[in-house]
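Each chain, written out:
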Amino acid sequence: MRYLVLSDIHANLEALDAVLGAAGAYDAVLVLGDLVGYGADPNAVIERIRGLRVAAIVRGNHDKAAAGLDPADDFNDVAREAVVWTAAALSAENHTWLAALPRGPRPVDDSIEICHGTPFDEDAYVFEYGDALGAITAAERPLCLYGHTHVPAAFRMSAHAGAGASLSLEYVGSSTDGLCTLAMDPQSRYLVNCGAGGQPRDGNPDAAYGIVDAPAGSVALRRVPYDVALAQAKIRAAGLPPVLAQRLAVGR
Ligand code: ZN
């Protein structure tokens, strides 16, 4: 199976469509949450995702907040304003669909699982080595895909668990090319963030996505440019906070 990995689309239809156009052949899609929030096209993004062959999907913190499942107390003012806007913009059908998204982690098959934040807490962030160690230890399958930070990253843990366990940094996608193919060693465990489709935060404005080739044991982290100006114009026209448009141009 060849999976297209989508995370943190954040109602950015231009970014999603660019990814779908660039992804090439795949069998099914893995969706790691935060379909909505920040961007101006929550309904169109949900409807695109609903039209795909989805092998596994989990909700993100913005999905929960927009669906009214979380009060968004820990959101900053801009994020909360976007949640209020999104909740009002969602159609009744898409609101119901969003509210029913499952909590992560969710299995894809015997060797792959997905989560939004971490396998032990759907809302926790993997920013540092210690976060990654906690997440990769909690994962129940050799490849755990996560999102939430909007920063591509890959961690590998050697098979020799216990006192001699080592967590080595295989790749961190903070470079601006954002391209990487990780050939997975069957004796190791992996924790991989393929980046954010709709609001990258690693300094590269291009939409990020991943391709997991299950039989080949590889994960490709990829980028594709999209019509940032159009996404920005829609955000401004919607009356969303202007900073949400500005940040798309710089990938922050
Ligand atoms: Zn997000």
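Here the structure is shown first, and the text comes after it.
Below: a short report on this structure.

Rules used throughout
Residues numbered from 1 in each chain as written. Predicted model: local features only at pLDDT ≥ 70, side-chain atom pairs only at ≥ 80, totals over all residues. Heavy atoms only, no water. Helix = DSSP H or I, 4+ residues; strand = E, 2+ residues; numbered from the N terminus. Contact = heavy atoms within 4.5 Å. Donors = N, O, S within 2.8 Å, 3.2 Å for Na, K, Ca; no water. Tetrahedral: all angles 85-135°; square planar, octahedral: opposite > 155°, others 65-115°. Buried < 20%, exposed > 50% of the residue type's maximum accessible area, 1.4 Å probe, protein only. Axes fitted to C-alpha atoms, helices over the stretch in contact; angles between N-to-C directions. Parallel < 35°, antiparallel > 145°, perpendicular 65-115°, else oblique. Nonpolar A, V, L, I, M, F, W, Y, C, P; charged D, E, K, R; others polar. Core = buried A, V, L, I, M, F, W, Y, C linked by side-chain atoms within 4.5 Å. Left-handed = near helix turned anticlockwise from the far one by under 90°.

## What to know about the environment of P102
- Residue position: P102 is located in the loop between α5 (92-99) and β4 (106-107).
- For the pair P102 and A56, spaced 46 residues apart in sequence, the C-alpha separation works out to 9.4 Å.
- Other than its neighbours up to four places away in sequence, P102 contacts I57, V58 and R59.

## Notes on the coordination of the zinc ion
- Within the protein, the zinc ion binds to D8 (OD), H10 (NE2), D34 (OD) and H150 (NE2); these donor distances fall in the range 2.1 to 2.3 Å.
- The site at the zinc ion holds 4 donor atoms, and with the angles between them running 86 to 176°, its shape is irregular.
- Read N to C, the donor residues that coordinate the zinc ion are spaced as D-x1-H-x23-D-x115-H. Taken together, the positions of D8 in the loop between β1 (2-6) and α1 (13-22) and D34 in the loop between β2 (28-31) and α2 (42-50) put the pair 26 residues apart, joining distant regions of the chain.
- Classification of D8 as buried rests on a relative accessible area of 0%.

## Details of the packing of helix α7 (residues 228-238) against helix α8 (residues 242-250)
- For the pair α7 and α8, the least separation of the axes is 8 Å and the interaxial angle reads 170°. In terms of orientation, α7 lies roughly antiparallel with respect to α8. Residues V228, A231, Q232, I235 and R236 of α7 form the contact with α8, whose own contacting residues are L244, A245, Q246, L248 and A249.
- In terms of residue class, the contact of α7 with α8 is built from 7 nonpolar, 2 polar and 1 charged.

## Notes on the nonpolar core
- L4, L6, L35, I49, L98 and Y226 are the most contacted members of the largest nonpolar core, which totals 44 residues.
- When residues of this core are assigned to their parent elements, the largest contribution, 6 residues, is made by α1.
- Excluding residues that lie within four positions of it along the chain, Y226 makes contacts with N12, E14, A15, A18, G198, P205, A207, A231 and L248.
- The next biggest cluster of nonpolar side chains, apart from the first, holds 21 residues, and it includes Y3, L32, L143 and V212.

## Concerning the packing of α2 against α5
- Close contact between α2 and α5 brings their axes to 10 Å; oriented N to C, the two are set at 60°. As the angle between them shows, α2 and α5 are arranged oblique. Seen from above, α2 lies across α5 with left-handed handedness. Seen from α2, the contacting residues are N43, I46, E47, I49 and R50; seen from α5, they are E93, N94, W97 and L98.
- Residues belonging to the contact of α2 with α5 are distributed by class as follows: 4 nonpolar, 2 polar and 3 charged.

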